[in-house]
Amino acid sequence: MEIRLKGIEPPLKARIKCIHSLIKQGEFAQALKEIQKAGKDPNIRPSSGEKGDINYQASLCLYNLGRYKEALAKAMIAFETFKDTSENEKVAQIQDILGRIHWGLGDLKNAELHIRDAITTYRRIRDYTAIVNCNNIIARILFTKCEFGKAAEYLNTAKELSHSINDSLMEAKITGNLGRIHTLLGDWEKAEEEVKISLQANSNRGDAIGLCRDELSLGYIFVLKREFAQAKVHLSSAFELAQNNNYLRETVIYHEYMGGLCLDQGSHREAENHYNQIINIWEDAAPDGDMISQTYRLLAELKLAQKKYDSAFVSCQKSLEVSKSLGEKIEEGAAYRILGQIYSARGEKEKSAQCFNEGISYLQQVGAKYELAKTYLEAGRSETFDYYKSLGFLSNAESLFRDLRSRYHRGLVNLAITDLLVGQKDYGKAQVFLAEAERLFEESNDQKEFRQVQNLMHSIEETLFQSRMIAKSNGRATFDNVVTQNTETREIIEKLKQIKDYNISILLQGETGTGKDLLAKAIHYSSRRKDKRFVAINCAALPESLLENELFGHKKGAYTGADKDQSGLFEEGEGGTLYLDQVEEIPISTQIKLLRAIEEKEITRLGETKPRKIDVRIISSSIDDLREVVKNGKFRQDLYFRLNTFNMKISPLRERKEDIPLLIRHFLKEYGVEEKRIKEFERNGAFKKFLEYGWPGNVRELENEIKRMVVMSQAGDKDPSGFLSEKLGHPTANQVLSNEASLSHQVAEFEKEKIIEALKQSNWIKLRAARLLCIPEATLRNKIKKYKIFPPALAS
């Protein structure tokens, strides 16, 4: 007979109470030790409720310690004990843990089945908190199966239910999980916002497991955004929480994310250490689980980066095998991408193409934007497909990475397109994409890739320059090549035609990209000197020592490395034209020799004393106002007067908007766009964007924009206006211009509207309005007269 003292519980009951308390505190290892002691109590019958409860508690501890197989055995014993009883709460709890265990083991089918059974049982006892938990678990299972839409539905249902029962902690947890779905779907900003809300709530309530998962999620988001310092802060916090609380799955996820971060930063050995730790942990606990497939895939990416193709292939096959068994389409798609890269490196194009297409198909199905974009990128820059197919893949990648707001990856796409164009020897278009890649890498602060672009730019710079010059002039530029309907520009052309045959120096002034080089060549090729050489030099591109050598040449032995006589550009241009671009950049010491060459019509090579007679016409150009450079003491006044015999100032494109339609049509036609497409473009809302933009790079920037659009649209015969740069934005429906209005009429209406708006803002004071419009007052007066614009009082 058991003797009970008042206030003192029997040993078994006290121990079970202690076990429950330890589990509630997350002390799973200690709780398991107490369970083992309780299991040896002779008073417990094998089929009793106490024995069933102890087995359930054991399965709960083992699950949280990552010992899934042992957990499953204990949970099944517990289920057999309670399944035919009226203990609905206990049955539901066991069904719940069975679902979680199967999920951890990678058996998603049975996991989902048990959790759905648990929901049904919880409904009988109206345990809404548990129902919320189970909906959350179902969502996570669907997430693993890449059924993101369904997962989001379950999470939103759980969120509403948790809000209705005032369970703010669960609501925060669900918000965090919604953030994880947004991460995979590519909405990183929304994901960051939701996870931070969850993080704050979990921090306030001291929920260690929720806090750990949120820190992991934020770390991963920052890895994707390539904000590595921020990523390390959050991942380190998550790791500390996981270690202190023995969270096995979260520890594994930490190693996965840190491995990816190390790989992105080029630390291959550290990345491999992280991945191997995952494999060592997980192969014992759940060799067929979802974490194993991800880890082997990441390990394959690492081996691929190291060009260890055989090792990469083995890891990739392991990943593919597990992900197929789990139905993980994202992992399957990513694995096929890596196989495509491996086969491409081996030269097996047919197998490579098949794998890339498989990967794209899987990733399109689940809408995994980031992995799909990466697959398009790798397919595009592999050597598997032809030029147009590769360009199509890269075009798709650029669009997706733009949505993801990833400057780094867009830089990679532009670099890949550059390689394609260089392979086609289309250097003019290559320059546009190379410059864009440089800008994107500089903005994203990716120094390694930025230096790579600069090296490539340096290696092909001369080729690009020569190609651009040839393309621009077709070998023989004339004034007919100048595309304009601007009155002031036409007047300049007429004056230049009148003096083209006179041996006088001409100075062209204007911003970068306004067409100074084209006008210089037009003067030469329309003059009597057209059969002689047109020699151009960019004075800003060479240091002082090289510039002087380029202009005047040298004698053998004049300096170290001068192993033969070399003529300079003055001699090369004998009888023709020497074009000095950015003449304001010529050093003072060289200016003295240049002045003498112009005045005396003779030059002296470096290392010689005897002068040589020359007959060269000088055309120079300046970005800055040369008079101001003279005032600042950086340019000789006497040289300025010699170069400035005839001075022409070319207006920037923003002051001659009427030229934009002509230039758009000209460049679209020049780069092979059919007349039908050109007319569609003229009617499209994108056209207005071209008029609204300020074009700081002038005609050259406009041409580069058209080049880029045409190249991107070549794949799949797409509308070029769908590939506008960010600076122009995408047209909306209400921006589409009338089909019936003529192009010139549209421009006139647009310009007139802007002028009236500026006049109103400046109280109809023309000088102020001109400043608002960034045009000279004289230009504004001419346009007011042209459009018959009057102040309100006079108009009435």
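Residues numbered from 1 in each chain as written. Predicted model: local features only at pLDDT ≥ 70, side-chain atom pairs only at ≥ 80, totals over all residues. Heavy atoms only, no water.

### Focus: the overall build of the chain
1) Next: Looking only at helices and strands, one finds 38 helices and nine strands in the chain.
2) Next: When each of the 796 residues of the chain is scored for burial, the buried share is 53%.
3) Next: Nonlocal contacts in the chain, meaning residues at least 24 apart in sequence, comprise 64% of its contacts between residues at least 6 apart.
4) Next: For the chain, the accessible surface area stands at approximately 37800 Å², while carbon and sulfur atoms represent 47% of it. (Helix = DSSP H or I, 4+ residues; strand = E, 2+ residues; numbered from the N terminus. Buried < 20%, exposed > 50% of the residue type's maximum accessible area, 1.4 Å probe, protein only. Contact = heavy atoms within 4.5 Å. Areas by Shrake-Rupley, 256 points an atom, 1.4 Å probe, with all protein chains shown as cover.)

### Some details on empty space enclosed by the protein
1) Next: Throughout the structure, instances matching the rule amount to one cavity of 30 Å³ or more.
2) Next: When its volume is computed, the largest cavity comes out at roughly 40 Å³.
3) Next: Taken together, Thr183, Leu184, Tyr220, Leu224, Ala368, Tyr370 and Glu371 form the lining of the largest cavity.
4) Next: Among the elements of the structure, α9 (168-185), α11 (208-224) and α19 (369-381) are those that each provide at least two residues to the lining of the largest cavity. (1 Å grid on protein atoms, 1.4 Å probe; cavity = no way out; pocket = protein on both sides within 12 Å on 5 of 7 lines; lining within 4 Å. Points joined across faces, edges and corners; volume = space filled by probe spheres on them.)

### Topic: the pattern of salt bridges
1) Next: All told, the structure shown has 48 salt bridges when counted by the stated rule.
2) Next: Between Glu301 and Arg337 there is a salt bridge, and its shortest N-O distance comes to 2.7 Å. Here Glu301, found in helix α15 (residues 290-305), pairs with Arg337, found in helix α17 (residues 329-346); they are 36 residues apart in sequence, far enough to count as distant.
3) Next: On the basis of relative accessible area, Arg337 is assigned to the buried category, the value being 1%.
4) Next: Note that Glu348 and Lys351 form a salt bridge whose closest N and O atoms lie 3.4 Å from each other.
5) Next: A residue is classified by how much of its surface remains accessible, and Lys351, at 42% relative accessible area, is partly exposed.
6) Next: Three or more residues are tied together by salt bridges with common partners; here these are Glu398, Arg402, Arg407, Arg410, Glu436, Arg439, Glu443 and Arg708. (Salt bridge = Lys/Arg side-chain N within 4 Å of Asp/Glu carboxyl O.)

### What to know about the packing of helix α2 (residues 28-39) against helix α3 (residues 49-64)
1) Next: The interhelical angle for the contact between α2 and α3, taken along N-to-C directions, is 155°, at an axis separation of 9 Å. The orientation of α2 relative to α3 falls into the category roughly antiparallel. Relative to α3, the crossing made by α2 is left-handed. Taking contact as the criterion, the partners of Phe28, Ala31, Leu32, Ile35, Ala38 and Gly39 in α2 are, on α3, Lys51, Ile54, Gln57, Ala58, Cys61, Leu62 and Asn64.
2) Next: Tallied by class, residues from the contact of α2 with α3 come to nine nonpolar, three polar and one charged. (Axes fitted to C-alpha atoms, helices over the stretch in contact; angles between N-to-C directions. Parallel < 35°, antiparallel > 145°, perpendicular 65-115°, else oblique. Left-handed = near helix turned anticlockwise from the far one by under 90°. Nonpolar A, V, L, I, M, F, W, Y, C, P; charged D, E, K, R; others polar.)

### Some points on helix α6 (residues 108-124)
1) Next: With 17 residues, α6 should reach 24 Å at 1.5 Å per residue; the first-to-last C-alpha distance of 25 Å fits that figure.
2) Next: Remark: Arg126 follows α6 within two positions and exhibits a positive phi of approximately 55°. (Expected span 1.5 Å × (residues − 1).)

### Looking at the sheet that holds strand β1 (residues 506-509)
Each strand in a sheet pairs with its neighbour through backbone hydrogen bonds, running either in the same direction (parallel) or in the opposite one (antiparallel).
1) Next: With parallel pairing, five strands are arranged side by side in an open sheet as β2-β5-β8-β1-β9. With one partner strand each, in any of the chains shown, β2 (534-538) and β9 (646-649) form the two edges of the open sheet. Along the sheet, successive strands turn relative to each other by an average axial angle of 15°, direction set aside.
2) Next: With four bridges joining them, β1 and β9 adopt parallel strand pairing. Pairing of Ile506 across the sheet is with Phe646, part of β9.
3) Next: Each of β1, β8 (617-622) and β9 touches helix α24 (residues 487-499); the most contacted strand, β9, lies at about 155° to it. (Pairing = 2+ DSSP bridges.)

### Looking at the confidence of the model for the chain
1) Next: Taken as a whole, the chain shows an average pLDDT of 82; of its residues, 89% reach a score of 70 or greater.
2) Next: Within the model, pLDDT remains below 50 along residues 464-475, and this stretch shows 15 contacts once partners closer than five positions in the same chain are excluded.
3) Next: In this model, residues 730-743 is a region of pLDDT below 50 whose contacts with residues beyond four sequence positions or in other chains number 25 contacts. (pLDDT = per-residue confidence, 0-100.)

### Notes on the pairing of strand β5 (residues 577-581)
1) Next: Here β5 lies mainly inside the structure; five of its five residues are buried.
2) Next: Residues Thr577, Tyr579 and Asp581 of β5 are buried on one face, and the alternating residues Leu578 and Leu580, pointing to the opposite face, are buried as well.
3) Next: Bridge count between β2 and β5: five bridges; the pairing is parallel. Residue pairing for β5: Ala536 is matched across the bridge by Tyr579.
4) Next: Relative to β8, β5 runs parallel, the two being bridged by four bridges.

### Let's talk about the environment of Lys225
1) Next: Tracing the chain through its elements places Lys225 in the loop between α11 and α12 (228-244).
2) Next: Separated by 184 residues in the primary sequence, Lys225 and His409 place their C-alpha atoms 9.8 Å from one another.
3) Next: Beyond its immediate sequence surroundings of up to four residues, Lys225 is in contact with Trp188, Glu189 and Glu192.
4) Next: A polar side-chain atom of Lys225 sits 3.5 Å from a polar atom in the side chain of Glu189. (Polar contact = N/O pair within 3.5 Å; in protein donor to acceptor, adjacent residues only side chain to side chain.)

### Some words on the packing of helix α8 (residues 148-164) against α9
1) Next: For the pair α8 and α9, interaxial distance at closest approach is 9 Å and the crossing angle is 160°. One element, α8, and the other, α9, form an angle in the roughly antiparallel class. When the axes of α8 and α9 are compared, the crossing they make is left-handed. Only Met170, Glu171, Ile174, Thr175, Asn177, Leu178, Ile181, Leu184 and Leu185 of α9 make contact with α8, whose side of the interface consists of Phe148, Ala151, Ala152, Leu155, Asn156, Ala158, Lys159, Ser162 and His163.
2) Next: Residue composition of the contact of α8 with α9, grouped by class: eleven nonpolar, five polar and two charged.

### Details of the packing of aromatic side chains
1) Next: Following the criterion strictly, the structure yields 17 aromatic pairs and no others.
2) Next: For the ring pair Tyr640 and Phe641, a centre distance of 5.7 Å and an interplane angle of 50° mean the geometry is tilted.
3) Next: Since its relative accessible area comes to 8%, Tyr640 is described here as buried.
4) Next: Owing to a relative accessible area of 51%, Phe641 belongs among the exposed residues under this scheme.
5) Next: Here the aromatic cluster, defined as three or more aromatic residues joined through ring pairs, consists of Phe356, Tyr376, Phe385 and Phe393. (Phe/Tyr/Trp six-rings, centres within 6.5 Å; stacked < 30°, edge-to-face > 60°.)

### A closer look at unusual backbone geometry
1) Next: Even without a glycine there, the phi angle at Lys307 is positive, about 60°.
2) Next: For Lys307, the position within the fold is in the loop between α15 and α16 (309-326).
3) Next: Relative accessible area serves as the criterion here: at 62%, Lys307 is assigned to the exposed category.
4) Next: Although it is not a glycine, Asn698 adopts a positive phi angle of roughly 60°.
5) Next: Of note, Asn698 is situated in helix α34 (residues 698-713).

### Thoughts on the side chain of Ser198
1) Next: Mapped onto the fold, Ser198 is located in helix α10 (residues 188-205).
2) Next: For Ser198, the side chain forms a polar contact with the side chain of Asp214, separated by 2.7 Å.

### Looking at the side chain of Asn549
1) Next: In this fold, Asn549 is placed in helix α26 (residues 544-552).
2) Next: The exposure class assigned to Asn549 is buried, which follows from its relative accessible area of 12%.
3) Next: When near neighbours in sequence (up to four residues on either side) are disregarded, Asn549 contacts His554, Tyr559, Gly568 and Leu606.

### Describing the environment of Ile492
1) Next: Along the chain, Ile492 turns up in helix α24.
2) Next: Ile492 sits 157 residues away from Lys649 along the chain, and the two C-alpha atoms are 8.4 Å apart.
3) Next: Once residues lying within four places of it in the same chain are set aside, the contact partners of Ile492 are Met648, Lys649 and Ile650.

### Details of the environment of Asn647
1) Next: With respect to the helices and strands, the residue Asn647 is situated in strand β9.
2) Next: Discounting chain neighbours no more than four positions away, the residues touching Asn647 are Leu507, Gln509 and Tyr640.
3) Next: Only 2.7 Å separates the side chain of Asn647 from the side chain of Asn644, close enough to count as a polar contact.

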